[in-house]
Structures are given as C-alpha cells and as structure tokens.
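# Structure at a glance
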Amino acid sequence: MNWKKLVVLSCIFILFLSTSVFAAEGPYISGNIGMSWLMDSDTGNAAEEVEFDTSFVLGAAIGYDFGYGRSEVEVGYRSHNIDDWSGEGDVTALNFLLNGYYDFHNYTAFTPYVGFGLGFAYMDLHDVEIGGVSYGDD
C-alpha cells in the first residue's frame, strides 16, 4: 500500500472517530461559514428595483451540551453590496441568537436533531444611493 492510500484511509478513519468527539458533554465553541442571498427589494417606484450581491455569512457560537440537549449563544455577520445599475452602497447585518437543540441519539454515525432559536439583528445601510437619491447611512 502506498503512502497516498494510507493517508486517505487515515483521514476517513479520523472522520468517523470525530463523531464521538462532537458527542462529548460539556462546553463547546463552534463556527460556521455560509452563503446568503437577499431578495430583490421594491423601492415603490415601478421602474426601480434594488438587487443585491450574494454574500458570505460568518458566525460563531458558544454553548453547553447536556447530553440529549444543547443550548448556545450565537453571533453572525453578513454584508450585501447593492448590485444594480441604478444603485450603489451596501447593507450589513449583525445578528444575535439564543439557540436550543434536542438530539435524537441512535446507534449510527448520524444524530438527527431538532433546533429552535430566538434572536434579533442589527441592520445598517452604508452609502446607499438608489436612482440618484442618496439615503446615506442609516
């Protein structure tokens, strides 16, 4: 067996072992990265609709695993540029969430769960101009 196959098999083995690491009770931290798509926004003028670029979403959480349930506090950030010929600027959002999860433990490598969350977001406009009208910062 050559070294490349050994490395691949070792990685697969470690991947399956990692489920037991995530199943440990106690405090934990987590991070996530994803994508966000904002829907187009109607300005009230039938000729103008604001379109937004796709954005990355960054998030981090700190929580506690009780065995069959978890609770955590999460913070996230995203920023969307206005992608329209008649507008410019960007919209950012900073969100804070309190999350809870119930894990359905079983004898497989996968653990289904149900989650819920409650939170709020602080949204901000930066140098927004649409159709020649400046909305500034808000």
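Residues numbered from 1 in each chain as written. Predicted model: local features only at pLDDT ≥ 70, side-chain atom pairs only at ≥ 80, totals over all residues. Heavy atoms only, no water.

## Some remarks on the confidence of the model for the protein
Summing up the model confidence of the protein, the mean pLDDT is 79 and the portion of residues at 70 or higher is 72%. Under a pLDDT of 50 for its full length, residues 17-21 has, in the predicted model, 1 contact with residues more than four places off or in other chains. (pLDDT = per-residue confidence, 0-100. Contact = heavy atoms within 4.5 Å.)

## Observations concerning the side chain of D65
Tracing the backbone through its elements, the reader meets D65 in strand 4 (residues 55-65). For the buried residue D65, which engages in no salt bridge, the nearest side chain bearing the opposite charge is R70, 4.9 Å off. Of note is the side chain of D65, whose polar atom sits 2.8 Å from the backbone nitrogen of G67. (Helix = DSSP H or I, 4+ residues; strand = E, 2+ residues; numbered from the N terminus. Buried < 20%, exposed > 50% of the residue type's maximum accessible area, 1.4 Å probe, protein only. Lys, Arg positive; Asp, Glu negative; His and termini not counted. Salt bridge = Lys/Arg side-chain N within 4 Å of Asp/Glu carboxyl O. Polar contact = N/O pair within 3.5 Å; in protein donor to acceptor, adjacent residues only side chain to side chain.)

## Here's the deal with the packing of aromatic side chains
Both the distance between ring centres and the angle between the ring planes are used here to describe each pair of aromatic rings. Using the criterion set out here, one finds 4 aromatic pairs in the structure. On the numbers, 5.4 Å between centres and 35° between planes, the contact of F96 with F120 is tilted. You can see F96 sitting in strand 6 (residues 87-103) and its partner F120 sitting in strand 7 (residues 113-130), a full 24 residues away along the chain. Since its relative accessible area comes to 35%, F96 is described here as partly exposed. If you follow R70 out to its NZ or CZ, it ends over the ring of Y101, 4.5 Å from the centre. When the ring centre of Y113 is taken as origin, the NZ or CZ atom of R70, which lies over that ring, is 5.3 Å away. (Phe/Tyr/Trp six-rings, centres within 6.5 Å; stacked < 30°, edge-to-face > 60°. Lys NZ or Arg CZ within 6 Å of the ring centre and 35° of its normal.)

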